[in-house]
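Examining the three-dimensional arrangement
Chain residues, written in single-letter form:
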Amino acid sequence: MDAGAWQRLGDYLRETQLLGSIQNTLYWDQNTRMPVGGASWRGEQLSLVARELHARQTSSLFKSLLEDAKAELEKERVSGDLTPSQDLQKSCNIRLLEQDFHRQERLDRVLVSDLAEAKAIGYNSWQNARASADFLSFSPALARLIELRKEQARQLAEPRTCWETLAQPFEPDVTYSRLEELFAPLREKLPCLIERVRTSNAPLERKPWDLSVSAQQGLCDELLAEWGRDDSISCVGSSPHPFSITLGPKDFRLTTRIVSGQPFSSFLATAHEWGHSLYEQGLPSQRHQWFAWPLGQATSMGVHESQSLFWENRVARSKEFADRWWKRFKKVGAPIESSKELWKLMNPLTPGSNRVEADELSYGLHILIRTELEIALLEGGLEVDDLPYEWNRRYQAFLGLKPKNDVEGCLQDVHWSEGLFGYFPSYLLGHLISAQLSEAMCNDFSGASIDSADPIAKFVSEGKESTLLEWLRVHVHLHGRSMNAEQLVESISGKKLSSEPFLVYLEKKLNLLEHCS
């Protein structure tokens, strides 16, 4: 018996997903193991895969499979063969597939190939520029990526600005005006909180210290084991910039890095990236038939970041976590004598030039600077060679400091070297989403008669982080792309996304840290 239209479409999507996973595998290798000399050939490999992937995503066969599946779905509706849930899921998948098809269809095959090659060249150039602290050696590659991304926005011809168009794959339906509405209170209040810390909270005075590479790796391994890592389906590597990536339904990768003189960097990066991986492992694609379908994909990068930030900040940086872990740090050589000391060291609240190492108060300002700069590069006429000056000027204005060199400045992030314009706001949206979801989680547990003013803190203190993960699995992970980020937050919390829960969280944490002796 011939397979139905829906099955034929699913088979086609699965092969497309296989090709996409090959692309991701090449990316993983490029970032973790590939020798520098392999960059040119890898660029050609990625360009070829991108062309083939684009061809499948825009082919007449794919279009006809979509049309056949849509017709079959309508017949099933008429015959009454679908439950309301099945109808909703299939309809959503078709809608998202058509949306993605029409977006890809507008892009020229040559542009897709050029972009893939430019991203590989850009990444290699960025690495070399960082090694020599020489931005100008990277600027031609960056200028090329900006040119290609502008052309991509022109070809897509959406009723949005160039930057908004490029941001859609990361944050569906996002607009700059909505971001301004969400971020304006942060732009106003975060500098006040930072100034409050500067004037009232003296940093811990201590001699510089560090932990050995093996000690840091051991602590990271302990953390992952405690948080449920299954080494038969996951792998940990090292890269210049920590990241998480999924290569298949049972193949989850993450990387971290050891930063000299920063003994908590690798540990917190591991907590962050494992949060990303936990989200990927909880998506519908891992549990039922939607693997390779849109419903099996992440809601948005803002939601993705909310999950990594939850595990990094609400759990790993919490006082309760420090209560359980400080002796482990002491055992491997950390000059720490109490849980309060570890907690304060994990939450320094001291502005610095590096985004990845930033405290929770200043992190948002790092993102606002990057968002303004990438919009200026794409739409405001900012010349690439002038980026270091503008970067340093804004850091002085926003954070009261100037990076020592371009490595501490505009070369610190990998994103623009890969053409990821429009991504940065997702980090700050992730903070807002995490805070609002955490508030909803606490309300949920309190309603279930959990006797605690802060149920999250209670479960962390008891070593029951798995209970928190179970809540996230049920309320957040299973929705996939069935709705956008703001719809998801409102459906869970009952309130429209806002900056208020995040600011309340920061105020509360700041008060606790100020009164910690």
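Refer to the preceding data block for the structure.
The present account deals with the structure reproduced in this document. No experiment lies behind these values; they were computed from the predicted model shown.

What counts, and where the lines are drawn
- Residues numbered from 1 in each chain as written.
- Predicted model: local features only at pLDDT ≥ 70, side-chain atom pairs only at ≥ 80, totals over all residues.
- Heavy atoms only, no water.
- Helix = DSSP H or I, 4+ residues; strand = E, 2+ residues; numbered from the N terminus.
- Rg over C-alpha atoms; globule rule 2.2 N^0.38 Å.
- Buried < 20%, exposed > 50% of the residue type's maximum accessible area, 1.4 Å probe, protein only.
- Pairing = 2+ DSSP bridges.
- Axes fitted to C-alpha atoms, helices over the stretch in contact; angles between N-to-C directions.
- Contact = heavy atoms within 4.5 Å.
- Polar contact = N/O pair within 3.5 Å; in protein donor to acceptor, adjacent residues only side chain to side chain.
- Expected span 1.5 Å × (residues − 1).
- Core = buried A, V, L, I, M, F, W, Y, C linked by side-chain atoms within 4.5 Å.
- Disulfide = S-S within 2.5 Å.
- Left-handed = near helix turned anticlockwise from the far one by under 90°.
- Nonpolar A, V, L, I, M, F, W, Y, C, P; charged D, E, K, R; others polar.
- Phe/Tyr/Trp six-rings, centres within 6.5 Å; stacked < 30°, edge-to-face > 60°.
- Lys NZ or Arg CZ within 6 Å of the ring centre and 35° of its normal.

Within the protein, the regular secondary structure consists of 20 helices and three strands. By the compact-globule yardstick of 24 Å for 517 residues, the protein fits well, its C-alpha radius of gyration being 23 Å. With the principal axes as the frame, the protein shows a C-alpha extent of 70 × 60 × 45 Å. Residue burial in the protein is summarised as follows: out of 517 residues, 55% are buried.

Before going further, it helps to spend a moment on the sheet that holds strand β2 (residues 244-248). Across a sheet, strands are paired by hydrogen bonds formed along the backbone, either parallel or antiparallel in direction. Strand order in the open sheet formed by three strands is β1-β3-β2, and the pairing between neighbours is mixed. Strand pairing shows two members of the sheet lacking a second neighbour, β1 (234-238) and β2, which therefore form its edges. Going from strand to strand, the sheet's axes swing by 25° on average, the running direction of each strand aside. Pairing of β2 with strand β3 (residues 251-256), which is carried by four bridges, proceeds in the antiparallel orientation. Bridging from a neighbouring strand, Ile-245 pairs with Arg-253 of β3. The sheet strands contacting helix α10 (residues 265-282) are β1, β2 and β3, and the helix crosses β3 at an angle near 160°.

Relative to the assigned elements, Thr-256 resides in strand β3. A polar contact is formed between the side chain of Thr-256 and the side chain of Ser-266, at a distance of 3.1 Å. Beyond its immediate stretch of four places on either side in the chain, Thr-256 contacts Gly-237, Ser-238, Ser-239, Pro-242, Ser-266, Ala-269 and Thr-270.

As a further point, take helix α9 (residues 213-226). In a regular helix each residue adds 1.5 Å, so 14 residues correspond to 20 Å; α9 covers 20 Å between its end C-alpha atoms and thus fits that length. Within the sequence span of α9, burial applies to Ala-215, Gln-216, Leu-219, Cys-220, Leu-223 and Leu-224. Its buried side turned inward, α9 meets β1, α10 and α12 (319-331).

Attention now moves to the nonpolar core. Grouped together as the largest cluster of nonpolar side chains are 126 residues, with contacts concentrated most on Phe-329 and Leu-468. Apart from residues no more than four positions distant in its own chain, Phe-329 is found in contact with Leu-211, Leu-219, Phe-264, Phe-267, Ala-334, Ile-336, Leu-342 and Met-346. In this structure, Phe-62, Leu-66, Leu-82 and Ile-94 belong to the second largest nonpolar core, which totals 15 residues.

Of all the six residues making up β3, five are buried; the element is thus mostly covered by neighbouring parts of the structure. Of the pairings in the sheet, the one linking β1 to β3 comprises five bridges and is parallel in character. Looking across to β3, one finds that Ser-238 is bridged to Thr-256.

A separate point is the environment of Glu-44. Structurally, Glu-44 is set in helix α2 (residues 39-58). Counting along the chain gives 275 residues from Glu-44 to Lys-319, while the straight-line C-alpha distance between them is 49 Å.

This brings us to the state of the cysteines. Tallied over the entire structure, the rule returns zero disulfides. Free of any disulfide, Cys-235 has its nearest cysteine sulfur in Cys-220, 14 Å distant. You can call Cys-235 partly exposed: its relative accessible area is 30%.

Another aspect to go through is the packing of helix α1 (residues 5-32) against helix α3 (residues 60-79). Their axes nearest at 8 Å, the elements α1 and α3 cross at an angle of 145°. At the point where α1 passes α3, the crossing takes the left-handed sense. Counting all contacts with α1, which are made through Ala-5, Trp-6, Arg-8, Leu-9, Tyr-12 and Leu-13, the residues of α3 involved are Leu-61, Phe-62, Leu-65, Leu-66, Asp-68, Ala-69 and Glu-72. Partitioning the contact of α1 with α3 into residue classes produces ten nonpolar, no polar and three charged.

Taken as a whole and assessed by the stated rule, the structure comprises 26 aromatic pairs. Ring centres 5.5 Å apart and planes at 70° place the aromatic pair Tyr-27 and Phe-243 in the edge-to-face group. Here Tyr-27, found in helix α1, pairs with Phe-243, found in the loop between β1 and β2; they are 216 residues apart in sequence, far enough to count as distant. Taken together, a centroid distance of 5.3 Å and an interplanar angle of 50° make the contact between Tyr-423 and Tyr-427 tilted. Note on accessibility: Tyr-423 and Tyr-427 belong to one class, buried. Members of the aromatic cluster, joined through ring pairs, are Phe-170, Tyr-363, Trp-391, Tyr-395, Trp-416, Phe-421, Tyr-423, Phe-424 and Tyr-427. In this structure, Lys-90 is placed above the aromatic ring of Trp-6, and the distance from its NZ or CZ to the ring centre is 4.6 Å. We note Arg-370 situated over the ring of Phe-424; from NZ or CZ to the ring centre the distance is 5.7 Å.

By the secondary structure assignment, Pro-501 is in helix α20 (residues 500-514). Given the relative accessible area of 9%, Pro-501 is considered buried. Through-space distance from the C-alpha of Pro-501 to that of Arg-103 is 35 Å; in sequence the pair is 398 residues apart. Ignoring sequence-local partners within four residues, the contact set of Pro-501 consists of Ala-435, Gln-436 and Glu-439.

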